[in-house]
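Breakdown of the fold
Read off the chains here:
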Amino acid sequence: MAASDGAGVVERVGFQISNVVERWMPSPFVFAILLTYLVYGAGLVATDSGPVELLEFWYGGFWAFLGFSMQMVLILMTGFVIAYHPRVNAVLQRLAEIPNSGAQAAAFVGFISMSLAWVHWGFSLIMGAIFAREMGKVAHRKGIDVHYPLLAVAGYMGLGLTWHWGISGSAPLQLTDASNIGEGTGFEFLASTVPAAETIFHPYALTLTALSVLFASAVLYVLAPSGSRAKGITEYVDEAELFDASADGGRTGNDAATDGGTDAADAADPVDESPAAIDDVPAERLNNSRLVGGLVALSGVALLALQFANQGLGAFTLNAVNFGFLFAGLLIYQRPAYYRDRFNDAAGAAAGIVLLFPFFAGIQGIMASSGLALLLAEALLDVSTAATYPVIAWVVGSVANLFVPSGGGEWLVVGPSVLQAAQELGVPYGQATIAYAVGDAHTNLLNPFWALPLLAITNVRAREMFGYAIAMLLALIPFLAVALYAVPY
């Protein structure tokens, strides 16, 4: 059924949701503050904790996961640095020429973002943002009607669906690390680690990932606004700024990160400078020596390869992923000084996470110490059976992520209940973890926390894109419920 202007039902519903959210959604920081009050109130009502005690839980949790926060920042920044390499940008510019309609553009950006997220969520987030911006520019030049906020949502879909099933997924990787299980941890009931072969690389997870990427790309296609509803990139970014290559090439650090900077690939870039262009003093030659950078990069890559040769998939841990991307970035940039400068650029993209993560850690402190998280998980898991358990675990992950958008942080609190219930029902740990993981990713489409770097690069405000993100979240619910129930482990 279509409206008189030719718009389909899905397109019209998505447009209406977008209008409502754009009117009411606060900034990510205010969102975190309001969520703090909500969880505090829930703790007063649902637990035996007093008001002062809950405040102490909040303060105690505020600094509880600084180490994990650094891991998350590194994942984002290493992904950012690789994504902003001039040759990577050049590939994105060529890919952006492929679509011939706004619907094709949205689906294609989403497909790329979701596929990359399986490899590295930080890389996907930045690449998705850059690709969305580049696609908007190409569409403007070619006269194609695209809705730029939907392109931003498409660039964010890797974080909203597939990242936690992939090789940078926090919950699966935590279970591969012996220090996270056994006596003194929440997972003391586990006799051994759960290898990545039972989670990330299991046919169950790979099948769910492939089906989800195809389904979500199709939804993006039918959701794309057309005609007067489609607002192109120039509604959000000044046209002169978009196509002034010399200005892009001359911007520095955080300006380039904020403005997208993809045209810098067309200008002269220090990564391609000859040694003669560098100040002829020993210190600068060392700082920019390809030999120095290349040798340490190759050493790091070789060490990681040795770890995998000795341990197989058991070597997949969060630290190993960060180590690999850190040295892979140095390998493609080679010059230590230039690689350091790219990290300076990436710091701007990580600033929002540095600010907001302690607030969400404080929320987690309330939920964990008051018992609110366990009450929530156990209430949902009590109504599950062996057959319905994956669906219930997905719901647990989805609800927990609404309050604490940190996949690894949530897993430390809720994961023990999830796996103990799986143990009682005879559900494999790997299946339980993957089902939970997709729930954690799914409701990133409602919480703007992880979208902060993307918002900076695309120049779209959270309330302008999250209407379509919520439309995607709703469209995925029936699909994920059926897939988790029907796909065998």
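Only a predicted model underlies this, so the values are computations on that prediction, with no experimental measurement involved. Along each chain, residue indices are assigned from 1 in the same order as the chain's sequence is written. The predicted origin of the model limits local features to residues at a pLDDT of at least 70 and limits the giving and counting of side-chain atom pairs to 80 or more, whereas totals for whole chains, interfaces and linings rest on all residues. Heavy atoms from the whole structure form the basis of all side-chain values; hydrogens and water molecules are not counted.

Some details on the overall build of the chain
Tallying secondary structure elements over the chain gives 23 helices and zero strands in all. For the exposure calls, accessible area comes from a 1.4 Å probe over protein chains only, and a residue counts as buried if that area is under 20% of its type's maximum, exposed if over 50%, partly exposed in between. Taking all 489 residues of the chain together, the buried fraction comes to 57%. The long-range fraction of contacts in the chain, counting pairs at least 24 apart against all pairs at least 6 apart in sequence, stands at 81%. For the chain, the accessible area works out to roughly 19100 Å², and carbon and sulfur atoms hold 64% of it. Helical segments are the DSSP runs of H or I of at least four residues, strand segments are the runs of E of at least two, and each set is numbered from the N terminus. Only heavy atoms matter for contacts: two residues are in contact if any of them lie within 4.5 Å across the pair. Reported accessibility uses the Shrake-Rupley method at a 1.4 Å probe radius. Residues are deemed covered only where the shown protein chains occlude them.

Digging into unusual backbone geometry
Residues other than glycine seldom take positive phi values, yet glutamine 334 does so here, at roughly 70°. Turning to its location among the elements, glutamine 334 is positioned in the loop between α16 (318-333) and α17 (336-370). The phi angle at asparagine 459 is positive, at roughly 65°, despite the residue not being glycine.

Some thoughts on a nonpolar patch on the surface
Each patch groups residues whose relative accessible area exceeds 30% and which form no salt bridge, using 9 Å between like charges and 5 Å between nonpolar side chains of Val, Leu, Ile, Met, Phe, Trp and Tyr. By salt bridge we mean one thing: a side-chain nitrogen of Lys or Arg within 4 Å of a carboxyl oxygen of Asp or Glu. Together, Phe29, Val30, Ile33, Leu34, Tyr37 and Leu355 make up a nonpolar patch on the protein surface, roughly 540 Å² of accessible area in all. On the secondary structure map, tyrosine 37 appears in helix α2 (residues 28-46).

Observations concerning the packing of aromatic side chains
Put simply, two rings from Phe, Tyr or Trp (the six-membered ring, in Trp's case) pair if the centres are within 6.5 Å, and we call them stacked under 30 degrees between planes, edge-to-face over 60, tilted for the rest. As enumerated under the stated definition, the model contains 18 aromatic pairs in all. Ring centres of tyrosine 156 and phenylalanine 466 lie 5.8 Å apart, and the angle between their planes is 65°; on these two criteria the pair is classed as edge-to-face. Residue tyrosine 156 is located in helix α8 (residues 148-162), and its partner phenylalanine 466 is located in helix α23 (residues 462-486); the two are separated by 310 residues in the primary sequence. Each member of the pair tyrosine 156 and phenylalanine 466 is classed as buried. A centroid spacing of 4.5 Å and a plane angle of 40° characterise the contact between phenylalanine 323 and phenylalanine 327, whose relative ring orientation is tilted. Note that phenylalanine 323 and phenylalanine 327 are positioned in helix α16 at a spacing of four residues, about one turn of the helix. You can call phenylalanine 327 buried: its relative accessible area is 15%. The rings of Phe29, Trp58, Phe62, Trp63 and Phe359 are connected pair by pair, giving a single aromatic cluster.

Concerning the packing of α2 against helix α3 (residues 51-62)
A pair of packed helices can be characterised by two numbers: the angle between their axes and the separation between those axes. As a packed pair, α2 and α3 sit with axes 10 Å apart at the nearest point and diverge in direction by 135°. Classified by the angle between their axes, α2 and α3 sit oblique to one another. Judged by the twist between their axes, the crossing of α2 over α3 is right-handed. Residue-level contacts link Thr36, Tyr40, Gly43 and Leu44 of α2 to Pro51, Val52, Leu54, Leu55 and Trp58 of α3. A breakdown of the residues in the contact of α2 with α3 according to their chemical character gives seven nonpolar, two polar and no charged. Here an axis means a line fitted to C-alpha atoms, over the contact stretch when the element is a helix, while the angle between two N-to-C directions is reported on a 0 to 180 degree scale. Small angles under 35 degrees read as roughly parallel and large ones over 145 as roughly antiparallel, with 65 to 115 read as roughly perpendicular and the rest as oblique. We call a crossing left-handed when the near helix sits turned anticlockwise from the far one by less than a right angle, and right-handed when that turn is clockwise. Put simply, Ala, Val, Leu, Ile, Met, Phe, Trp, Tyr, Cys and Pro go in the nonpolar bin, Asp, Glu, Lys and Arg in the charged bin, and everything else, Gly too, in the polar bin.

Quick word on the pattern of salt bridges
In total, this model carries six salt bridges according to the counting rule given. For lysine 142, the salt bridge goes to glutamate 97, with nearest N and O atoms at 4.0 Å. Of the two residues, lysine 142 sits in helix α7 (residues 121-142) while glutamate 97 sits in the loop between α5 (86-95) and α6 (102-119), which places them 45 residues apart along the sequence. Among the residues examined, glutamate 97 registers a relative accessible area of 34% and is labelled partly exposed. One salt bridge connects arginine 461 with glutamate 464, and the closest N-O pair in it is separated by 2.8 Å. Three or more residues joined by partner-sharing salt bridges are found here, namely Glu97, Arg141 and Lys142.

Concerning the environment of glycine 348
Position of glycine 348 among the secondary structure elements: in helix α17. With relative accessibility at 34%, the residue glycine 348 sits in the partly exposed group.

Topic: α3
Expected helix span is given by 1.5 Å per residue-to-residue step, counting one fewer step than there are residues. Taking 1.5 Å of rise per residue, twelve residues should cover 16 Å, and α3 covers 17 Å from first to last C-alpha, within 8% of that figure. Residues of α3 that are buried sit in contact with α2 and α17.

Examining the nonpolar core
Counting residues in each nonpolar core, the largest one holds 152 residues, and the members touching the most others are Tyr156 and Met157. The leading source of residues in this core is α17, at 15 residues. Setting aside chain neighbours within four positions, we find tyrosine 156 in contact with Ser113, Leu125, Asn444, Leu445, Asn447, Trp450, Ala451, Leu454, Met465 and Phe466. We define a nonpolar core as any set of buried Ala, Val, Leu, Ile, Met, Phe, Trp, Tyr and Cys residues linked to one another through side-chain atoms lying within 4.5 Å.

As for the confidence of the model for the chain
You can read pLDDT as the predictor saying how much it trusts each residue, on a scale of 0 to 100. Residue-level pLDDT values for the chain average 81, and 85% of them are 70 or greater. Mean pLDDT values over the elements of the chain span from 38, in helix α13 (residues 253-259), up to 95, in helix α10 (residues 203-223). Note that pLDDT drops below 50 for residues 245-268; the model gives that stretch 46 contacts with residues more than four away or on any other chain.

Describing α5
Taken together, the buried positions of α5 are occupied by Pro86, Val88, Asn89, Leu92 and Gln93. Buried residues of α5, seen end-on, are gathered within an arc of 155° and therefore sit on one face of the element. When the buried face of α5 is taken as reference, the exposed residues oriented beyond 90 degrees from it are Arg87 and Arg94. The inward-facing, buried residues of α5 abut α4 (66-83) and α7. As used here, the arc belongs to the directions running from the helix axis to the C-beta atoms.

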